[in-house]
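Residue strings, one per chain:
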Amino acid sequence: MKLVIPAVRLMCLAWLWPVTLLKGTNTPNHRRNKDVYLGENTRHKHGGRIDFKMKKSDSTKSLLIKSEQLLRIEDHDFAMRPGFGGSAIPVGIDVQVESIDSISEVNMDFTMTLYLRHYWQDDRLAFPSSSNKSRTFDARLVKKIWVPDVFFVHSKRSFIHDTTMENIMLRVYPDGNILYSVRITVTALCSMDFSRFPLDTQNCSLELESYAYNENDLMLYWKNGNDSLRTDEIALSQFFVEEFHPSYGLAFYSSTGWYNRLYINFILRRHIFFFMLQTYFPTMLMVMLSWVSFWIDRRAVPARVSLGITTVLTMSTIITGVSASMPQVSYVKAVDIYLWASFLFVFLSVIEYAAVNYFTTVEEMKKLKNAKLPVSYDATQAMAYDGCFHDVIDVSPFPDLPATPSTTLTIPPTASSAEAPPTEGTRLWKKRSVPSNISFIMSNSYMIDSYSRILFPAAYLLFNIIYWCIYS
């Protein structure tokens with residue numbers, strides 16, 4: 001009996017063991033492992049595509065994959081241009097100028113923001129569509145297809161705007177026609193002529209050209225002729241935009257051949273009012289201020305000298321300020337002619353007083369030499385007449401001297417003393433030679449100021465009339 005009971009127990013355990021194993025296979029962990037196994041088999045079976053029931057995929061990624069499959073991007077080599085080996089592919093261009101940001105005379109360049117649009121046909125991107133609607137993409141798909149390699153000739157800097165995304169648009173039509181638009185800011189060279197500055201008009205152009213493809217591979221043309229160039233309302237601080245017009249040409253390079261080139265031409269006319277306020281009006285006032293010295297007494301040396309030096313220094317400051325804002329060109333500009341001519345008038349007004357002062361001194365010294373002076377008279381006081389000394393001087397008349405042969409003043413007879421004086425109410429007209437006129441003016445130095453009051457304004461007025469007739 002003792003052996004029978006253990007034997008029965010072993011038989012019961014042997015019968016229950018398979019049942020326990022079958023229940024263990026239906027646990028959640030086993031089902032999870034089975035699902036993973038089935039998922040891996042499904043992935044291999046369908047060529048790498050994951051069943052959406054097994055794993056939820058990124059919808060954006062799936063749409064991108066569908067677009068690439070629709071355009072058959074993986075089936076073609078987009079490193080080659082469309083129709084490679086055949087005739088040149090035509091690429092139409094149209095431009096909308098958004099703004100002219102700046103124009104620099106010092107650097108001789110301009111900065112422009114524009115929308116550049118390309119039009120061409122690539123049969124490799126044609127796709128079937130029942131509604132004949134186009135599809136629009138951004139910069140992510142542009143990097144996977146062929147686009148024209150248009151660049152800006154003579155550009156110094158350029159960039160594509162990237163806020164908040166790259167400002168690039170690609171629109172594909174079912175028949176393979178493509179519109180590629182990009183928003184660009186470019187700084188390009190403009191060869192300016194400043195010979196008439198600031199009364200000048202500048203002709204600038206922005207030039208577009210294919211970098212790699214010559215005219216045998218790519219033909220650039222304006223999409224809509226003269227209507228291919230459109231502009232927004234452009235307002236500049238110093239210029240008025242007179243005209244925008246497109247043009248076409250060819251460019252030759254000795255190593256690579258002929259290339260199609262498109263031109264965006266525009267004419268800029270400078271506003272003169274800013275320079276009238278900053279340059280011309282101050283210059284005119286300084287010249288007129290220098291004429292004030294002609295009405296100041298010739299013996300007032302400090303007043304006339306300080307006024308002349310002040311006007312000369314002010315003109316030098318104006319010339320330096322204008323030159324600092326201009327490029328260092330090797331020819332004379334219109335503003336230079338006006339400034340230096342005005343500076344010459346100011347300088348001559350200083351020279352005029354130097355001549356007046358000198359002739360006055362000579363005249364006074366002659367009078368002192370021809371007169372008999374008392375023994376107690378200080379000869380240095382004679383210099384006070386030309387304003388060089390400012391001591392208190394007794395200007396009372398000299399005491400009468402006895403008429404003795406040694407003190408009698410003998411005046412040599414001259415041609416003028418031999419003539420009879422004209423009667424009252426008559427005027428004597430006599431033609432004098434140039435040396436006699438100069439001698440007469442030197443002996444009457446006060447007349448130099450009298451003539452200068454008329455000659456200087458008349459000459460400056462004549463200069464202004466000629467200047468503005470030529471350059472305006």
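Residues numbered from 1 in each chain as written. Predicted model: local features only at pLDDT ≥ 70, side-chain atom pairs only at ≥ 80, totals over all residues. Heavy atoms only, no water.

An unreviewed UniProt entry annotates the protein chain as GABA(C) receptor originating from Triplophysa tibetana. Checking UniProt for the protein chain, the heading Sequence similarities (unreviewed entry) contains the comment "Belongs to the ligand-gated ion channel (TC 1.A.9) family." Heading Catalytic activity (unreviewed entry) of the UniProt record for the protein chain holds this comment: "chloride(in) = chloride(out)". (UniProt positions renumbered as here; feature names shortened; annotations may be inferred.)

Novice: Describe the environment of Phe252, and please don't skip the residues or the numbers.
Specialist: Tracing the sequence through the fold places Phe252 in strand 11 (residues 239-253). Phe252 gets classed as partly exposed once you look at its relative accessible area, which sits at 48%. Spatially, the C-alpha atom of Phe252 lies 9.5 Å from that of Asn214, the residues being 38 residues apart in sequence. In contact with Phe252, other than residues within four places in its own chain, are Gly257 and Trp258. (Helix = DSSP H or I, 4+ residues; strand = E, 2+ residues; numbered from the N terminus. Buried < 20%, exposed > 50% of the residue type's maximum accessible area, 1.4 Å probe, protein only. Contact = heavy atoms within 4.5 Å.)

Novice: Can you break down the state of the cysteines residue by residue, with the values?
Specialist: Under the counting rule described, the total for this entry stands at one disulfide. A disulfide bridge connects Cys190 with Cys204, and the sulfur atoms are separated by 1.9 Å. Measuring handedness by torsion sign, the sulfur bridge of Cys190 and Cys204 sits at about -80° and is left-handed. Taken together, the positions of Cys190 in the loop between strand 7 (177-189) and strand 8 (201-210) and Cys204 in strand 8 put the pair 14 residues apart, joining distant regions of the chain. The class for Cys190 is buried, based on a relative accessible area of 2%. (Disulfide = S-S within 2.5 Å.)

Novice: Which residues make up the sheet that holds strand 8, and what values go with them?
Specialist: Across the sheet, four strands lie side by side as 4-8-12-11; this open sheet has antiparallel pairing. Two strands lie at the open edges of the sheet, namely strand 4 (150-153) and strand 11, each paired on one side alone. Across the sheet, the mean angle from the axis of one strand to that of its neighbour is 25°, orientation sign disregarded. Relative to strand 12 (residues 257-270), strand 11 runs antiparallel, the two being bridged by 14 bridges. (Pairing = 2+ DSSP bridges. Axes fitted to C-alpha atoms, helices over the stretch in contact; angles between N-to-C directions.)

Novice: So what's going on with helix 10 (residues 446-471)? Residues and values would help.
Specialist: Taking 1.5 Å as the rise per residue, helix 10 with 26 residues should run 38 Å; its terminal C-alpha atoms sit 38 Å apart, in good agreement. Buried residues of helix 10: Met447, Ile448, Asp449, Ser452, Phe456, Tyr460, Phe463, Asn464, Tyr467 and Tyr471, and no others. (Expected span 1.5 Å × (residues − 1).)

Novice: Explain the pairing of strand 2 (residues 109-121) to me, using residue names and the numbers behind them.
Specialist: The side chains of a regular strand alternate between the sheet's two faces. Counting buried positions along strand 2 yields ten of 13 residues, so the element is predominantly enclosed. Linkage of strand 1 (residues 89-104) to strand 2, two consecutive antiparallel strands, is achieved through a turn of four residues, within which Met108 is found at a positive phi near 55°.

Novice: Describe the confidence of the model for the protein chain, listing the residues and the values that go with them.
Specialist: Taken residue by residue, the protein chain gives an average pLDDT of 79. The fraction at 70 or more is 71%. Counted against residues more than four places away or in other chains, residues 27-65, with its pLDDT under 50, gives ten contacts. A low-confidence stretch, residues 379-395 stays under pLDDT 50, and its non-local contacts, those more than four residues away or across chains, total 18 contacts. (pLDDT = per-residue confidence, 0-100.)

Novice: I'd like to hear about unusual backbone geometry, residue by residue, with values.
Specialist: With an omega of 0°, the peptide bond running from Thr163 to Thr164 counts as cis. Topologically, Thr164 is positioned in the loop between strand 5 (155-160) and strand 6 (168-172). The omega torsion of the bond from Phe197 to Pro198 falls at 5°, within 30 degrees of zero and hence cis. For Pro198, the location among the structural elements is in the loop between strand 7 and strand 8. The phi dihedral of Met108 is positive, around 55°, even though this residue is not glycine. For Met108, the position within the fold is in the loop between strand 1 and strand 2. In this structure, His154 is a non-glycine residue whose phi angle is positive, near 65°.

Novice: Before we move on, can you summarise the side chain of His118 with the specific residues and values?
Specialist: Locating His118 in the fold gives a position in strand 2. Overall, His118 belongs to the buried group, its relative accessible area being 3%. Not counting chain neighbours up to four residues away, the residues in contact with His118 comprise Val91, Gly92, Ile93, Pro148, Val150, Ile178, Leu179, Tyr180 and Val182.

Novice: Describe the packing of helix 5 (residues 273-290) against helix 10, and please don't skip the residues or the numbers.
Specialist: Put simply, helix 5 and helix 10 touch, their axes get as near as 12 Å, and they point 155° apart. Between helix 5 and helix 10, the angle is such that the two are roughly antiparallel. At the point where helix 5 passes helix 10, the crossing takes the right-handed sense. Listed contacts from helix 10 to Met276, Tyr280, Thr283, Met284 and Val287 of helix 5 are Tyr460, Asn464, Tyr467 and Trp468. Along the lines of polarity and charge, the residues of the contact of helix 5 with helix 10 split into seven nonpolar, two polar and no charged. (Parallel < 35°, antiparallel > 145°, perpendicular 65-115°, else oblique. Left-handed = near helix turned anticlockwise from the far one by under 90°. Nonpolar A, V, L, I, M, F, W, Y, C, P; charged D, E, K, R; others polar.)

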